[in-house]
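So the chains spell out like this:
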Amino acid sequence: MTERIGYITRVQSFSACHRLHLTDEENKEVYGKCNNPYGHGHNYKVEVTVRGKIDPVTGMVMNLTDLKRCIEEVIMIPLDHKNLDKDVPYFADVVSTTENLAIYIWDNMAKALPASLLYEIRIHETDKNIVVYRGE
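So, here's what we can say about the structure. (Residues numbered from 1 in each chain as written. Predicted model: local features only at pLDDT ≥ 70, side-chain atom pairs only at ≥ 80, totals over all residues. Heavy atoms only, no water.)

## Description of the nonpolar core
Short version of the rule: In this text, buried Ala, Val, Leu, Ile, Met, Phe, Trp, Tyr and Cys residues form a nonpolar core when linked through side-chain atoms within 4.5 Å. The rule is simple: take the accessible area with a 1.4 Å probe, protein chains only, and divide by the maximum for that residue type; under 20% is buried, over 50% is exposed, in between is partly exposed. By the criteria applied, helices consist of DSSP H or I runs no shorter than four residues and strands consist of E runs no shorter than two, each listed in order from the N terminus. Residue contacts follow a heavy-atom distance rule, with two residues in contact if any of their heavy atoms lie within 4.5 Å.
Core analysis: the largest hydrophobic core is formed by 32 residues, its most contacted members being Ile75, Leu101, Ile105, Met109 and Ile121. Elements supplying a minimum of two residues to this core: strand S1 (5–18), strand S2 (40–53), helix H2 (64–79), helix H4 (98–112), strand S4 (118–124) and strand S5 (130–133). Broken down by element, this core gets its largest block of residues, seven residues, from H2. Ignoring anything within four residues of it in the chain, the contact list for Ile105 reads Val46, Val74, Ile75, Leu79, Ile121 and Ile123.

## A look at the packing of aromatic side chains
For clarity, the threshold we go by: Centre distance within 6.5 Å is the pairing criterion for rings of Phe, Tyr and Trp, where only the six-membered ring of Trp is used; planes under 30 degrees apart are then read as stacked, over 60 as edge-to-face, and the remainder as tilted.
On inspection of all chains with the given rule, the structure shows six aromatic pairs. For the pair Phe14 and Tyr44, a centre-to-centre distance of 5.0 Å together with 20° between the ring planes defines the contact as stacked. Residue Phe14 is found in strand S1, and its partner Tyr44 is found in strand S2; the two are separated by 30 residues along the sequence. On the accessibility criterion, Phe14 (2% relative accessible area) is buried. Connected via pairs of aromatic rings, a cluster forms that spans Tyr90, Phe91 and Tyr104.

## Notes on the pairing of S5
The line we're drawing: For two strands to be treated as a pair, DSSP must find no fewer than two bridges joining them.
The alternating pattern of S5 places Val131 and Tyr133 on a buried face, while none of Ile130 and Val132, on the opposite face, is buried. Relative to S5, S4 is paired through four bridges, and the arrangement is antiparallel. When the bridges of S5 are listed, His124 appears paired with Ile130. In this structure, the hairpin formed by S4 and S5 is closed by a connection of five residues.

## A word on the packing of H2 against H4
As a reminder of what qualifies: Convention adopted: a line fitted to C-alpha atoms gives each axis, helices being fitted over their contacting stretch, and angles between N-to-C directions are expressed from 0 to 180 degrees. For classification purposes, an angle smaller than 35 degrees is called roughly parallel, one larger than 145 roughly antiparallel, one from 65 to 115 roughly perpendicular, and anything else oblique. Two helices cross in a left-handed way if the nearer one is turned anticlockwise from the farther one by less than a right angle. They cross in a right-handed way if the turn is clockwise. Nonpolar residues are Ala, Val, Leu, Ile, Met, Phe, Trp, Tyr, Cys and Pro. Charged residues are Asp, Glu, Lys and Arg, and all others, Gly as well, are polar.
In contact at an axis separation of 10 Å, H2 and H4 are set at 140° when each is read in the N-to-C sense. Overall, the two elements H2 and H4 adopt an arrangement that is oblique. With respect to the hand of their crossing, H2 and H4 are arranged in right-handed fashion. Note on element contacts: H4 touches H2 through Leu101, Tyr104, Ile105, Asn108, Met109 and Ala112, opposite Leu67, Cys70, Ile71, Val74, Ile75, Pro78 and Leu79. Looking at the contact of H2 with H4, its residues break down into 12 nonpolar, one polar and no charged.

Now the structure itself:
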């Protein structure tokens, strides 16, 4: 029987705030209207995609219950309704852009999932701004 490869994507939403923290002058120049000294928030939508062999017995790449549990532990508990800069130690010295948020989620999902299963993290910061990270 031919080996089949499948992709599963689970979508999760969370809300968080942040302040893009360079110097005040750099913030004005680089971040424009996102340069609010008190920070600003987003209703992020994250898509976590895994890729793997479709098991001939179970018919699954991965049990969705396990994927949901990983997303809860990696995304929802540490990030939902949080101030990224103050509540998430990773962002104490990393600028909390959506690109860096995707890296943070990737690194932690890669630890929580079976080896080599994680394929892509896609974050919708707004309806028009989307960041994709594949561990590269």
